[in-house]
Each structure stands twice: as structure tokens, then as C-alpha cells.
Amino acid sequence: AGGDQEMDLPSLRRALSALERQVQEAQARVVATIEAKHGEFVSASEQISELRSSVARLRTDLQSAAVLLGRSAPGADEANAAAAAKSAAQRLHASVAEHRALREELQALEAAAVVLTTMLSAQKQLGDLEALSVAARYGEAAELTLAIAESLQGISAADNAAEPALVRAVKMQYYQKRAILVTRLEDALGSLIAFGPGPRIVARRSSLPEGASGPGAAATTTLHQVWDALHVLELRGRRIEQLAETAHRKVFAPLLEAARRLPVGRELQPSVVVDPSHEGVTWRWVEVDDGVGIENIMPHGNMQLAGKAGAEGRLRLVQCVLPSLESLLQFVQDHWTGGLNEVFVALGKRLWPHISRALLQHFDTCSRDGGEGLEKFEAAMLRAGLIKSTEKTLSRHVHQHRHALGEQRRTSVLSEIREWLLQEDGALVKVCDADEPGSITQLLQETMGEEPKLAASAPECSSSDGGFVCEKLRSALNEDAGLLRLPSMHVSPSVRRLVDRLRSLMEEIVTSVEHGRSEVAHDLNKLVRELCTLFAVLRPHAQKAQLKTNARCCAVFLADCLYLVHVLILMPYTYGARLPSEHRQLSFFVDLVPQLRRLGENHFFAMLRHHQEQLVSTLRPCDLGPGLSRDRTFIAAEAALGAAAQQAKAAVQGLAAALPEQLLREVAGVIVGMICQNLLGKLFALQHLAPDEVSCVTALFTAALAMSRQAFAAAGLADGTQRRKDGTLDDDVPGWAALTLVADLLGSEFSRFLERRGVLVKVLNREEAVRLMQLSWRDEPIAPEEAWAVLAGGAD
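About the thresholds
Along each chain, residues carry numbers from 1 onward, in the same order as the chain's sequence is written. Under the rules for a predicted model, residues below a pLDDT of 70 receive no local features and side-chain atom pairs below 80 are neither given nor counted, while totals for whole chains, interfaces and linings still include all residues. Just so you know, side-chain values use all the structure's heavy atoms and leave hydrogens and water out. Strands are runs of DSSP state E lasting at least 2 residues, helices are runs of H or I lasting at least 4, and numbering of each runs from the N terminus. Note on exposure labels: buried denotes an accessible area under 20% of the residue type's maximum, exposed denotes more than 50%, and partly exposed covers the range between, all computed with a 1.4 Å probe on protein chains only. Computed with the Shrake-Rupley method and a 1.4 Å probe, the accessible areas treat only the protein chains shown as cover for residues. The contact definition used throughout considers only heavy atoms, calling two residues in contact when any of these lie within 4.5 Å. Interaxial angle, 0 to 180 degrees, is taken between N-to-C directions of lines fitted to C-alpha atoms, where a helix line uses only the stretch in contact. Roughly parallel means an angle under 35 degrees; roughly antiparallel means over 145; roughly perpendicular covers 65 to 115; every other angle is labelled oblique. Handedness of a helix crossing follows the sense of rotation of the near helix relative to the far helix, less than a right angle counterclockwise being left-handed and clockwise being right-handed. Side-chain atoms alone can form a polar contact between residues adjacent in sequence; in general such a contact is a pair of N or O atoms within 3.5 Å, and within protein one must be able to donate a hydrogen while the other accepts it. Stacked, tilted and edge-to-face pairs are distinguished by plane angle, under 30 degrees for stacked and over 60 for edge-to-face with tilted covering the rest, among Phe, Tyr and Trp rings (Trp via its six-membered ring) whose centres lie within 6.5 Å. The salt bridge criterion pairs a side-chain nitrogen of Lys or Arg with a carboxyl oxygen of Asp or Glu, the two atoms within 4 Å. Side-chain classes follow a simple rule in which Ala, Val, Leu, Ile, Met, Phe, Trp, Tyr, Cys and Pro form the nonpolar group, Asp, Glu, Lys and Arg form the charged group, and the remainder, Gly included, forms the polar group. Multiplying 1.5 Å by the helix residue count minus one yields the expected span of that helix. Per residue, pLDDT captures the predictor's confidence, and it can take any value from 0 to 100.

Peer 1: Provide a residue-level description of the overall build of the protein chain, including the pertinent values.
Peer 2: Across its full length, the protein chain carries 25 helices and nine strands. Counting all 796 residues of the protein chain, 42% fall into the buried class. A total of about 41200 Å² of accessible surface is found on the protein chain, and carbon and sulfur atoms cover 53% of it.

Peer 1: Give a description of the environment of L129 that names residues and reports values.
Peer 2: Summarising the element assignment, L129 is placed in helix α2 (residues 78–134). Each C-alpha atom of the pair L129 and L181 lies 8.6 Å from the other, and the pair is 52 residues apart in sequence. Here L129 is in contact with A141, L144, T145, I148, K177 and L181, once residues within four sequence places are set aside.

Peer 1: Give a detailed account of the environment of R756, specifying residues and quantitative values.
Peer 2: Residue placement: R756 occurs in the loop between α22 (750–755) and α23 (757–763). A relative accessible area of 24% places R756 in the partly exposed class. Distance from R756 to L745, taken between C-alpha atoms, is 8.4 Å for residues 11 residues apart in sequence. Contact partners of R756, with chain neighbours within four places excluded, come to L741, D744 and L745.

Peer 1: Quick rundown of the packing of helix α16 (residues 551–575) against helix α18 (residues 631–656)? Include the residues and the values.
Peer 2: Relative orientation of the contacting elements α16 and α18 amounts to 30 degrees, with a least axis distance of 7 Å. Judged by the inter-axis angle, α16 sits roughly parallel to α18. Classified by chirality, the crossing of α18 by α16 is right-handed. The segment α16 lies against α18, with A551, R552 and A555 engaging A651, G654 and L655.

Peer 1: Explain the side chain of T337 residue by residue, including any values.
Peer 2: Tracing the backbone through its elements, the reader meets T337 in the loop between α8 (322–335) and α9 (341–362). Owing to a relative accessible area of 2%, T337 belongs among the buried residues under this scheme. Within the structure, T337 has its side chain in polar contact with the backbone oxygen of Q333 (distance 2.7 Å). If we skip the residues at most four places from it in the chain, T337 touches L223, W227, V332, V343, F344 and L347.

Peer 1: Would you mind going over helix α21 (residues 736–745) in detail, with residue names and values included?
Peer 2: Counting buried positions over the 10 residues of α21 gives eight, a clear majority of the element. Those residues of α21 not exposed but buried are W736, A737, A738, L739, L741, V742, A743 and L745. One or two steps after α21, the chain reaches G747, where phi turns positive at roughly 90 degrees.

Peer 1: Give a description of the packing of aromatic side chains that names residues and reports values.
Peer 2: According to the stated counting rule, one finds six aromatic pairs in the structure shown. Judged by centre distance (5.4 Å) and plane angle (55 degrees), the rings of Y174 and Y175 are tilted. Relative accessible area serves as the criterion here: at 46%, Y175 is assigned to the partly exposed category. Consider the rings of F535 and F557, whose centres lie 6.0 Å apart with planes at 20 degrees: the pair is stacked. Of this pair, F535 sits in helix α15 (residues 518–542) while F557 sits in helix α16, and the two are 22 residues apart along the sequence. With relative accessibility at 0%, the residue F557 sits in the buried group. One aromatic cluster is present, formed by F750, F753 and W777 through successive ring pairs.

Peer 1: How would you sum up the pattern of salt bridges? Please name residues and give values.
Peer 2: Applying the stated criterion across every chain, the model contains 23 salt bridges. Here E507 and R578 are joined by a salt bridge, their closest N and O atoms 2.9 Å apart. In this pair, E507 sits in helix α14 (residues 493–514) while R578 sits in the loop between α16 and α17 (593–618), placing the two residues 71 residues apart along the sequence. A relative accessible area of 31% means that E507 is categorised as partly exposed. One continuous salt-bridge network, built from bridges that share partners, spans D744, R752, E755 and R756.

Peer 1: I'd like a rundown of the packing of helix α11 (residues 393–422) against α14, residues and numbers included.
Peer 2: Two numbers describe how α11 lies on α14: the axes approach to 9 Å, and their chain directions differ by 160 degrees. It follows from the interaxial angle that α11 and α14 lie roughly antiparallel. For α11 against α14, the interelement crossing comes out left-handed. Judged by residue contacts, R409, V413, E416, I417, W420 and L421 of α11 engage S494, R497, L498, R501, L505 and E508 from α14. Its residues assigned to classes, the contact of α11 with α14 shows six nonpolar, one polar and five charged.

Peer 1: Residue-level account of α17, with values.
Peer 2: Owing to its 3.6 residues per turn, the α-helix brings residues three or four apart onto one side. Here α17 contains 26 residues, and its C-alpha end-to-end distance of 37 Å stays within 8% of the 38 Å for a straight helix at 1.5 Å per residue. Among all positions of α17, only V593, L596, L599, G600, F604, M607, L608, H610, H611 and L615 are buried. Lining the buried residues of α17 we find α15, α16, α18 and α19 (661–684).

Peer 1: Summarise the confidence of the model for the protein chain; cite the residues concerned and give the values.
Peer 2: The predicted model of the protein chain has a mean per-residue pLDDT of 80, with 76% of residues at 70 or higher. Per-element confidence in the protein chain ranges from a low mean pLDDT of 34 for helix α7 (residues 299–307) to a high of 94 for α17. Long-range and interchain partners of residues 1–7, a stretch whose pLDDT sits below 50, account for four contacts in this model, where long-range means more than four residues apart. Across residues 449–469, where pLDDT falls below 50, the model places 39 contacts with residues more than four positions away in sequence or in other chains.

Peer 1: Lay out unusual backbone geometry in plain terms, naming residues and giving numbers.
Peer 2: Even without being glycine, A136 reaches a positive phi, approximately 60 degrees. Unusually for a residue other than glycine, E234 sits at a positive phi of about 60 degrees. Structurally, the position occupied by E234 is in the loop between α5 (223–232) and α6 (236–260). Its relative accessible area of 71% is what places E234 among the exposed residues.

In C-alpha cells, the structure reads:
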């Protein structure tokens, strides 16, 4: 048939037979030529021996001539000497020229012998190469081609045109044999890996050589042998590139396109069919629609069928194609590589860019599972060896997507919390340790399995609790049962919602770590910190006009800070046990605790200083000096005292709206103590009191004590206050005991001082006691200093 026409199998076989006969005839001619030259080669070898003998005789003659020239008589004639020297030089030059010619001829003969020997060896190796190729022993045949090429390289000339025709004929025969071997390898690879109609692949476990007969017919060819032989021939890389390009064009691209155009409710499933009769395995994909499988044969038909449903413009979920891709790549590894990992790596180097680019451009990668499926697919391919550890195209895309979503959510959450913190708080929310999620009470219930007792000694935890409640914490709880327990108090609704959001973010951190999304967990940890910082910056700014003057507002802010600090301190105990050790630091926020605690305390102390200044200003008209007995002066003092008591009562009531009872009692005592200490300071600053003024001062002090009790009663502390046996508020209010004693003793005689000397010495120092006696006595026989010595000594 012509060059542009296809040949059938019988014609091809006849052409190959004719070509084989021509090759055999050429071999016969080469052998005949070598045999014809054999006699000449033997004759040249004998001549070489004779030439070597002549060279030896000539060397002996030259040595004799040199000896004779050296022994010439000193008195000989100069002419004879010159003639003899000239004759000897001529003979020497002639001998050297003859020696050079003989040596060149010897080298030429030796080179001819090497060429002939190499050609004879190459002829034998070419015969062996043909036999190995016919027997499908491709690995040995490929190694033999290298040996033949190396031997022929030794007899090749720099210019191919200068080579003898015999050498060129042998090299041409070598090229023909090598081309035949490569063709058979290509045929074997094509029979082992075939592409069927439509997007399907057929792979066979082994293959018989085409047209094999005789003993070699029983030999089989495996992919491992074919790839090894191609590697020896330095053709494996090019063949892998061609195979990858064909696979992408016929299978991978149609598969991805079909998945991209799938209608909603349908998906692709891989199918692997084993044919035992032909020892073949076929991979194909099946389009599933509501449980009914429709096998896809022709890719163009598939495209047209799915094109109508894919016209919606929405990207299909990547999960519809990942199982088929993973199955296909696993099929490639099992049935294309022959167990050679380097072949699989080379295929992946050429296929993976097309696959990853198509997945990212034409599929919805992250909407269903946040990219987890894509990450698992990449990790599976990394474990299989298709890609290297440095290949992060898919995971990098997922990380960027998650980061973008994280930034969007971060902006949304910060904006939402900002709106909460700027809102005016209405009704406050009560919080306590018993009802607080993640509190010490609940933690002990979970670890010990019983209700913890609020006793001075906390129950011991067994070692089976996982060790997370450490020994130091248990020891501290044994010493102080109220440690780390949240007292009952009221906080603002916005901060309560902020704490709920922090806990939900911590749950997401735990979930992200469990699913291997460490970068998401770190972003969420950063968001928790930003929310706490937003509270610390925005909340005081929004309430800066009231924090200093309004006791209730400042109390709520302090309670918010204490509540937030409590939650942050307990987060390692609540969530740390659920995190692995390398990520447990994500539950630690103790570095924020001092900042938030100082923030609340600073504003609270500023509020107390402001109220102290206000009380001092209010009590300024309350002058205990001379003239107090006059009605106008006494009424003004009494009114100032009443206004100060009312101011203290209002402040304590405002604090009672949010603060826990213990802290409220302490702060209320401090505020009431400001009045007591102010009155005592004014009294002890006096030098003299008239008798009628003494009664006025006593009345004012008694009224101050009565009105101060109303402040505690209004705050709900009257029944819960720790009292002494005499019913005073000595332990709670600074100066209360001193003011009570002064109201009782002012204006009394020494005998009365003797009766109260125990309390007197305890609550007053020497200067105060002496001043009190000076203001009280008129005609006592004992001086105040002597009286103090008696009182102090008797008390001891």
C-alpha cells in the first residue's frame, strides 16, 4: 500500500518478513567480507613480527655506531672524522625514518584489528539483541543496546563521512535494531494501557509479545519491565509525558467537564470492572440520578446532555467529582505505574496542575464543608505519592478562603459587639457560680461526680479526673472554698451577651482544632482577644460622663470587669482539657486579666474619690466650732449632715444594684466612714467647747449614727452585716466605733471614762483621747494626760 494508506495485518507481516530477509542477506555479506579479509589480517600480523625484528637489529647497529664514534683516536685526521660523523648521522636519520614508518604501520594494523574485533562483537550482540527482543526480554535488550552503543562509539570517527562503509553499515544495523526494540516497547505499553471508547481506561496485568512464537511465546510482558526498559533507553520521561497528555485529553478533562455540568441532584461515581478472561481491568465513571446509574460512553453526548442542566450559571460542588478523581488516580497508581513510584510521581507532575486548576476554577470548593474535602483530597494524593509535600495549591486556596471568611466574620462580630457595648443598659442580669457555665462548681461536679460543698475544706479529687484540675488548685480550694467562685452579682446585658459570644468562639476553637484547622483556631483566639480589647476601650469611652459621678453606672462597670475577668481565668479549666497539649495555649487569656481588673478598679476608685470630695463639700457647713448652740448654726449643721447622709445612702443604693454582697458591704462601710471620719476630724481639731455646744455636738453625732444605719438598711445589708455584740458597725465602717464612743463620752466625767476605758484605749489613740477629755471636762481634779496614763494602765 502507499505511504498515505493504511496496511492490513497480513500485508504488514509480509513487509516485516521481507525486511528481515534483507537484514539477513546484509549480515551474510558482512561475514563474507570479514572472511575475505581474514587472510590479509594474518599476513599483516606476520609482517608486523618481521618489522619488529628489523627494528631490533637497527637499534643494535645504532648502538655499535655510537660506541665506535666515541672511541675514535685523538690524533686521527679531521677529514676522516668529519666523514665518519656525517656517514653515521645519515645512517641514524635513515634508521629513525624507517622506525617511524614501521611504527605507524604497526599502529594502523592494530587499529584495524580493533575495528574488526569490535565489528565482529557488535554483529554477535546485534544477533543477541534480536533474540531478546523477540523473546520480550526488554530489560536485557535495553541494557544490551547500551553496551553496543558504547563499543561502536570507540570505533566511530569525528566525521561520519570519513568512516569506512563497513562501520557505517554496522551502525545502521544497530539503529534499526534499536528502533525495532522501541517500537515493540511502544506496542507493549499500548496493549497494557489502552483508552476505550468514551472516558474509560483499560489496563491489563501482562501482555504477550506480538507475533511471538517458539519458546519466547510463553514469556509475558509487565508494565514494570516496559518502564524499566524505557528508562534504560532514556525514553521513559517522554513517554510518560505523552501518556499524561493523552489521559488528560481523553479521561480527566471529560470527567471534570461532565462533573461541572451536572444538574442538581446527580453525581458521578467511579466504576472498576475486572475482566478475568483477558486479565484486564476497566475504569469508567457512572452518572447517578436518583439511584439509577446511566453509563457514559461518549464524552460529547455527555456534554450535550448535561449542558442544559448546567446552564444555571452556578458552580457545582467539588464533592461531586472528588470521589471519581481519587478513584481514577488510584487506578492510575495501581495499573499504570507497574509498582514504580517514580513513574507515578512523574505522572502527577504533569496531571496535577490541570486537575487543581480545573477544581479551583470550575467548582464550588468551600461552601459545603469549608474546604475540608479539598484538603483531604490533597492529603490523600500526598500520601499516595502523586504530589510532593511542597505542593499546596488546594490547601493554600482553602486557607485563603477561610481567612477571607474569618476576616468577614471578624468584622461582623466586632461591629455587632460594638453596637451592644454602646447601648444603654436597662435591666441588669444576675450571675452566680451555681448557674454559670464552666464555673468551679460545675467543674468540680464534672470531675468528682458529686455536688461540691461550700465548706472550708473542698473534697479531694481522685486521680481519675484526667489530672486537669491540678493539685495546686485542689489545695487552694481546700484552704478557701470560695476561691475562683463567682459571687452573686448583676452585670449588664451587653457584657452577658459578650461572654456568651466568647464561649461560643471557644467552642469553635475546640472544634477547629479537632478538625485540624489550626489557622482557624488561631484566628478565633485572636478574635476573642480583640473583643476583650474592644470592651476595655469602648465601654469606658461610651460611659465616661457617668463613671465618675454615677455610683450605679460605675458599680455595673466594675461588675462587668470582674465577670469578664472571672470567665477568662476559668477558660483554661473549661476548654483546655479538650485541646491537645500543643494547642492548649489557645485557651489561656490570663495576660488580659490584669488589664481588665485595673481598668475596673481605677474607675471605681475615681468614683469613690469623687464621692469623698462631694461629702466633704456637703459637710462643710457642719461647723462644730463656737456658736454651734445658736439655732441658725445648729440647723445649718444638721441640714448639712442630713444631706451628706442622704448622698451616702444614694451612693450605697446605686452600688447595691450590681456589686456582690461582700464587696458592697466593704464599699458601703468606706462611704459611711467618710462621714464618720470627717466629723471626728472636725471635733478633734477644736480647742474648746462650751457646755451647751457639747450637747449640740452629741446630738449631731447621734443623728449621724442613726442616718448612717439607714444607708445600710436601704442597701439590704442591715440583716447580713457582721456585727459586734453591742450592735455597732465597728467591723464594717472606718471610724464608726470612735464616733459611737465620742457621742457617748463627750461631756462625761472621769468616772464614765473609767467605765469605757477598754473601748476607749482600743478605738482612740492618746492624742484623740486627751483631746476628748479636754473638751469634756471643766472642773475635774485630774489632768487629761494623767487620766490617759491611768486609763491606759488600767486597760493593760
